[in-house]
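# Coordinate analysis (summary)
Each chain is listed here by its residues.
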Amino acid sequence: MECDKIIKVTGLTKRFGNFTAVDHITFDVRKGEIFGFLGANGAGKTTAMKILCGLSLPTEGSGTVDGYDIRTQQELIKRNIGYMSQKFSLYPDLKVWENIRLFGGIYGLGFKEIKQRTAEMLQSLGMEDLRNEPVGSLPLGWKQKLAFSIAMVHKPPLVFLDEPTGGVDPETRRMFWEMIYRAVGEGTTVFVTTHYMDEAEYCDRVSIMVDGVIADLDAPDALKDKYGVPDMDSVFRTVAARRPAGKEAAGA
Amino acid sequence: MGIIDVNGIVKKYGEKTALDNVSFSVEKGEIFGLIGPDGAGKTTLFRILATLLLPDAGKASVEGHDTVTDFAAIRRSIGYMPGHFSLYQDLSVRENLEFFATIFGTTVEANYDNIKEIYSQLEPFGDRRAGALSGGMKQKLALCCALVHKPSVLFLDEPTTGVDAVSRKEFWNILYRIRSGGVTILVSTPYMDEASLCDRIALIQQGAIFETGTPAGIVSEYPYGLLAVKGKPVYPLLQFLRTCDGVVNCFSFGSECHAAIDSSVTGCSRLQRELSGAGFRNFSVREITPGVEDCFLQLSIRKRDGMR
């Protein structure tokens with residue numbers, strides 16, 4: 001029963017001085033699902049995600065990510081997850097193959113393995129001709145596809161996507177989600193944050209963080225039914241608007 | 001002549017063309033939206049209009065002043081909120097506002113009415129450093145700083161990017177109130193749902209404008225029929241729809257798939273039969289009116305295919 005939960009946290013809390021960024025959150029992510037991690041700016045999403053990725057220790061609470069303890073096995077967590085953000089993903093001055101090699105090396109793959117993965121990835125992306133191009137010169141759509149594949153270079157069972165589609169054009173955004181669907185079809189679990197509420201509809205389940213707590217968590221359809229609204233945008237506004245005005249200025 | 005006139009503007013960075021013969025005009029007191037993704041050229045255009053960058057070709061003017069020869073006059077009369085948070089992080093909320101008022105030779109007190117409505121929400125945090133504000137609050141402060149000298153034209157470069165859905169709605173309500181004071185607003189956004197909130201819009205991608213008009217006008221020119229198909233699982237559904245006769249293209253939109261169709265070939269009932277035949281259950285198909293995002297998708301596909 002435990003083994004079908006790839007992320008499991010209980011009472012997770014993070015305080016900075018007297019400010020509580022994450023306030024006793026308890027939730028789990030099932031193996032193979034697309035889990036949407038939503039929340040207003042400053043709600044504590046980034047802080048919580050850093051803990052889950054093994055980059056920050058919780059002040060209180062416990063949990064596991066892919067079976068590894070978030071307090072004592074941070075290095076193992078980092079090695080076994082993928083991570084991609086829109087803001088920083090690849091080195092624009094490095095060539096396509098150099099980026100793959102760099103990240104493959106960071107994730108501890110051997111030269112032979114990197115060579116093999118590079119060939120596999122370029123083929124499945126249809127980018128063989130572009131292997132010697134600097135990443136900075138690629139169209140955005142290609143960059144996004146490549147960044148996603150590189151986040152998965154070590155074939156992690158779980159990938160964290162931090163606003164992967166911010167500022168991306170409508171067609172590329174949709175192509176990106178089709179890549180997510182394919183990865184999930186191959187058994188990967190996807191943990192994703194987004195400000196596009198139409199994308200929240202693509203998730204199997206979503207949580208909505210407000211002021212450091214998880215204000216609600218369920219399948220998009222169930223949330224729409226619960227609040228009697230037609231779309232996730234309305235769900236989000238209903239749930240997130242409950243925050244007390246005074247608290248909004250804090251955090252970043 | 002409009003309040004903002006842009007005529008054949010070209011801007012290149014080395015080999016890369018950031019703006020390719022861009023023209024449009026903004027009327028007094030309207031909210032004009034530049035709608036397009038990252039890298040479309042929106043920021044370059046703002047910098048040219050704000051007289052911070054010279055175009056390689058073409059002309060632009062703001063309130064009749066040429067952006068190249070008469071830049072000083074423009075700088076006095078515009079408010080510019082750049083895309084990156086550009087206030088002083090180490091100064092307090094109050095200090096930032098006073099700094100910008102002083103630069104324009106005025107005081108916060110003299111123009112307090114102009115910013116009162118937004119600033120009143122920030123005043124409880126007047127002593128807080130700007131760097132310690134949340135995203136939504138930072139945007140409000142930046143807007144106050146752009147408004148403190150009573151500009152007649154406001155340039156807002158992606159004011160809502162990375163801002164959550166609730167703060168975005170609030171921000172747009174503020175823009176409506178500013179417009180009602182007669183201010184002309186040029187605003188850019190990558191969020192297609194914000195397009196319908198503008199009086200007129202230009203759809204821009206890769207340095208070129210696809211289309212300019214009112215949101216309703218642009219939608220009325222959509223060349224296909226449009227069906228919304230709801231069903232699960234989404235990815236196989238999308239892939240199947242793309243193989244159906246008469247389906248021109250198909251993309252996911254929230255919980256539905258939008259299928260652009262040639263209405264002389266297919267329609268609701270035919271697609272329903274085909275989906276049933278392929279084994280899909282518990283789905284629905286209905287005709288819908290396209291939105292701005294449907295139009296943007298269609299125009300960007302047409303442009304790309306046209307270039308091939």
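The preceding data block contains the structure.
Residues numbered from 1 in each chain as written. Chains lettered and ligands numbered in written order. Predicted model: local features only at pLDDT ≥ 70, side-chain atom pairs only at ≥ 80, totals over all residues. Heavy atoms only, no water.

## So, the overall build of chain A
Rules: Under the DSSP-based scheme used, a helix requires at least four consecutive residues in state H or I and a strand at least two consecutive residues in state E, with every element numbered from the N terminus. When we talk radius of gyration, it's over C-alpha atoms, and the globule rule is simply 2.2 Å times the number of residues to the 0.38. Exposed residues in this analysis have more than 50% of their type's maximum accessible area, buried residues have under 20%, and partly exposed residues fall in between, with area computed by a 1.4 Å probe over protein chains only. Note on contacts: a residue pair qualifies if any of its non-hydrogen atoms lie within 4.5 Å across the two residues. Positive residues here are Lys and Arg, negative ones are Asp and Glu, while His and the chain termini are left out of the count. Positions of charges follow a simple convention, taking NZ of Lys, CZ of Arg, CG of Asp or CD of Glu.
Per the secondary structure count, chain A includes nine helices and 10 strands. Relative to the compact-globule value of 18 Å for 252 residues, chain A shows a C-alpha radius of gyration of 18 Å, a close match. When its C-alpha atoms are laid out on the principal axes, chain A stretches across 55 × 40 × 40 Å. Burial statistics for chain A: of 252 residues in total, 54% are counted as buried. Restricting to contacts in chain A with at least 6 residues of sequence separation, those with at least 24 account for 66%. For chain A, the centre of its 31 positive side-chain charges and the centre of its 34 negative side-chain charges are spaced 5 Å apart.

## Comments concerning the interface of chain B and chain A
Stated formally: When a carboxyl oxygen of Asp or Glu lies within 4 Å of a side-chain nitrogen of Lys or Arg, that pair is called a salt bridge. N or O atoms closer than or at 3.5 Å make up a polar contact, with two conditions inside protein: a donor-capable atom paired with an acceptor-capable one, and, for residues adjacent in sequence, both atoms drawn from side chains. Each residue gets one of three labels, nonpolar for Ala, Val, Leu, Ile, Met, Phe, Trp, Tyr, Cys and Pro, charged for Asp, Glu, Lys and Arg, and polar for the others, Gly among them.
The interface of chain B with chain A comprises 40 residues on the first partner and 35 residues on the second. Here chain B is connected to chain A by five salt bridges. Across the pair glutamate 293 of chain B and arginine 173 of chain A runs a salt bridge whose closest N-O atoms are separated by 2.9 Å. Between the two partners, chain B and chain A, sit eight residue pairs in polar contact (both at pLDDT 80 or more). At the level of elements, α5 (135–147), α6 (165–180), α8 (234–243), β12 (247–253) and α10 (292–307) of chain B are the ones that each hand at least two residues to the side of chain B that touches chain A. The element that contributes the greatest number of residues to the side of chain B that touches chain A is α10 of chain B, accounting for six residues. Classifying every residue of the side of chain B that touches chain A by side-chain character gives 19 nonpolar, 10 polar and 11 charged.

## So, the sheet that holds strand β14 (residues 284–287) of chain B
Residues and elements named next belong to chain B. For clarity, the cut-off: In this description, strands pair whenever DSSP reports at least two bridges between them. For helices, the fitted axis covers only the stretch in contact; all axes are lines through C-alpha atoms, and the angles between them, taken along N-to-C directions, range from 0 to 180 degrees.
Spatial strand order, β12-β13-β11-β14: four strands in an open sheet with antiparallel pairing. Single-partner strands in this sheet number two, and they are β12 and β14. Between one strand and the next, the sheet's axes are offset by a mean angle of 25 degrees, whatever the strand orientation. Alignment of strand β11 (residues 225–230) against strand β13 (residues 256–261), held across five bridges, turns out to be antiparallel. In the strand pairing of β13, alanine 228 is matched with histidine 258.

## Description of the side chain of serine 252 of chain B
Locating serine 252 of chain B in the fold gives a position in strand β12. Judged by its relative accessible area of 1%, serine 252 of chain B is buried. Setting aside its immediate chain neighbours within four residues, serine 252 of chain B contacts Arg174 and Tyr202 of chain A together with Leu238 and Cys257 of chain B.

## So, the sheet that holds strand β3 (residues 31–35) of chain B
All names here are of chain B. With mixed pairing, the six strands of this open sheet are ordered in space as β6-β7-β8-β3-β9-β10. In the strand order of this sheet, the two ends are held by β6 (78–81) and β10 (208–213), each with one partner. Averaged over neighbouring strand pairs, the angle between their axes works out to 15 degrees when direction is ignored. Sheet analysis places β3 next to strand β8 (residues 184–189), joined by five bridges and oriented parallel. Across the sheet, residue isoleucine 31 finds its bridge partner in β8, namely isoleucine 185.

## Side note on the packing of helix α5 (residues 140–151) of chain A against helix α6 (residues 170–185) of chain A
All names here are of chain A. For clarity, the cut-off: We call two directions roughly parallel when the angle between them is under 35 degrees, roughly antiparallel when it is over 145, roughly perpendicular when it lies between 65 and 115, and oblique otherwise. By convention, the crossing between two helices is left-handed when the near helix turns anticlockwise from the far helix through less than a right angle, and right-handed when the turn is clockwise.
Following both chains from N to C, one finds α5 and α6 inclined at 20 degrees, their axes separated by 10 Å at the closest point. On the basis of the axis angle, α5 is roughly parallel to α6. Between α5 and α6 lies a crossing whose hand is right-handed. Residues Leu140, Gly141, Gln144, Lys145, Phe148 and Ser149 of α5 form the contact with α6, whose participating residues are Thr172, Met175, Phe176, Met179, Ile180 and Ala183. Among the residues forming the contact of α5 with α6, the class breakdown is seven nonpolar, four polar and one charged.

## A look at the environment of valine 190 of chain A
All names here are of chain A. With respect to the secondary-structure elements, valine 190 resides in strand β8 (residues 189–193). Overall, the relative accessible area of 0% leaves valine 190 in the buried class. Valine 190 sits 177 residues away from threonine 13 along the chain, and the two C-alpha atoms are 23 Å apart.

Read these as spatial facts, not as claims about activity.
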